[in-house]
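What the coordinates show
Listed below are the residues making up each chain.
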Amino acid sequence: MATVIFFLVHWQASVFFQSFFQHRYCAHRQFAMGKRTEKVAHFLAWFVGGSSYLTPRAYAVLHRMHHAYSDTPKDPHSPVHHPNVFKMMWRTKTIYQDLRLGRVVPEARFDGEVPSWPLLDQKLNGWGTTFTFAAGYAGIYALLGASWWMYVFLLPLHIGLGPIHGAIVNYFGHKLGYRNFETKDSSRNTLVFDVLTMGELFQNNHHRFGQSPNFGARAYEIDPCYQVMRLLGAMKIIDMSGSQKMKLPAKGKPEVVEEESAPSIAATGVEPAE
Ligand SMILES: [Zn+2]
Ligand SMILES: [Zn+2]
């Protein structure tokens, strides 16, 4: 039981940092923080991400491409263009690794404005680090008296938490659920109570208002990550004063998004390079 609790707590912590740091901060710049706070957040994202930490730059470029090309053939991970979640994730992994290892040069408008920490993002990021963290998790399982089935079924999930969160959000968030906004893509709000991915499954709201730190639009759509961010904002640890506000859709019917207000790469907050 203690091992299952460890798994669940680590799941939530890891999805929180991935959403808060890599997604909302690095890719979108939905809020601001000081340099020292940024370092602490970067370290925590690396440490909590552990065996499946995703490099902020590669994540940000990949994600900005996703917003710009959402559900078109150029989208790095659209369920519309892949027969199943495994094929979609394989393509995502290939593009991510090409970006991480510098094998491809992304379009300039998708690059830049991302914190970089070569020690964590390059030196301590690879199979050696993955193995060390995985051995650490196995050690904690042993200390907590895990049963054999936990090593067989839980530990592999535990080691791959980052890509698993990605697979759930990118696949189901564009496949299953309801829509508040008639965006051009197939984004959906999958769960009214997103207990799996800290608010990331409000994809339809997020694609409509990409710069809003709050992914919930309706009163009952609670975004857990944003609730933590509100607390950090009240404590002056982060600054959300200049952020875009999520707006409620018109009563009863989905809002029709006009061409000029549709989410574009400008919505990531990064100006196209000259
Ligand atoms: Zn999406
Ligand atoms: Zn996004």
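Residues numbered from 1 in each chain as written. Chains lettered and ligands numbered in written order. Predicted model: local features only at pLDDT ≥ 70, side-chain atom pairs only at ≥ 80, totals over all residues.

Here helix α3 (residues 56-68) crosses helix α4 (residues 85-100) at 130°, and the two axes come no closer than 9 Å. If you check the angle between α3 and α4, you find them oblique. With respect to the hand of their crossing, α3 and α4 are arranged in right-handed fashion. Across the interface between the two elements, Ala58, Val61 and Leu62 of α3 pack against Ile95, Tyr96, Leu99 and Arg100 of α4. Classifying every residue of the contact of α3 with α4 by side-chain character gives 6 nonpolar, no polar and 1 charged. (Axes fitted to C-alpha atoms, helices over the stretch in contact; angles between N-to-C directions. Helix = DSSP H or I, 4+ residues; strand = E, 2+ residues; numbered from the N terminus. Parallel < 35°, antiparallel > 145°, perpendicular 65-115°, else oblique. Left-handed = near helix turned anticlockwise from the far one by under 90°. Contact = placed C-beta atoms within 7 Å. Nonpolar A, V, L, I, M, F, W, Y, C, P; charged D, E, K, R; others polar.)

In contact at an axis separation of 10 Å, helix α6 (residues 127-143) and helix α7 (residues 148-159) are set at 140° when each is read in the N-to-C sense. Considering their axes alone, α6 and α7 lie oblique with respect to each other. Read as a crossing pair, α6 and α7 show a hand that is right-handed. Residues Ala134, Tyr137, Ala138 and Tyr141 of α6 lie in contact with α7, whose contacting residues are Met150, Tyr151, Leu155, His158 and Ile159. The residue inventory of the contact of α6 with α7, partitioned by class, reads 8 nonpolar, 1 polar and no charged.

On average, the protein scores 90 in pLDDT, and the residues at 70 or more come to 91%. Counted against residues more than four places away or in other chains, residues 269-274, with its pLDDT under 50, gives 10 contacts. (pLDDT = per-residue confidence, 0-100.)

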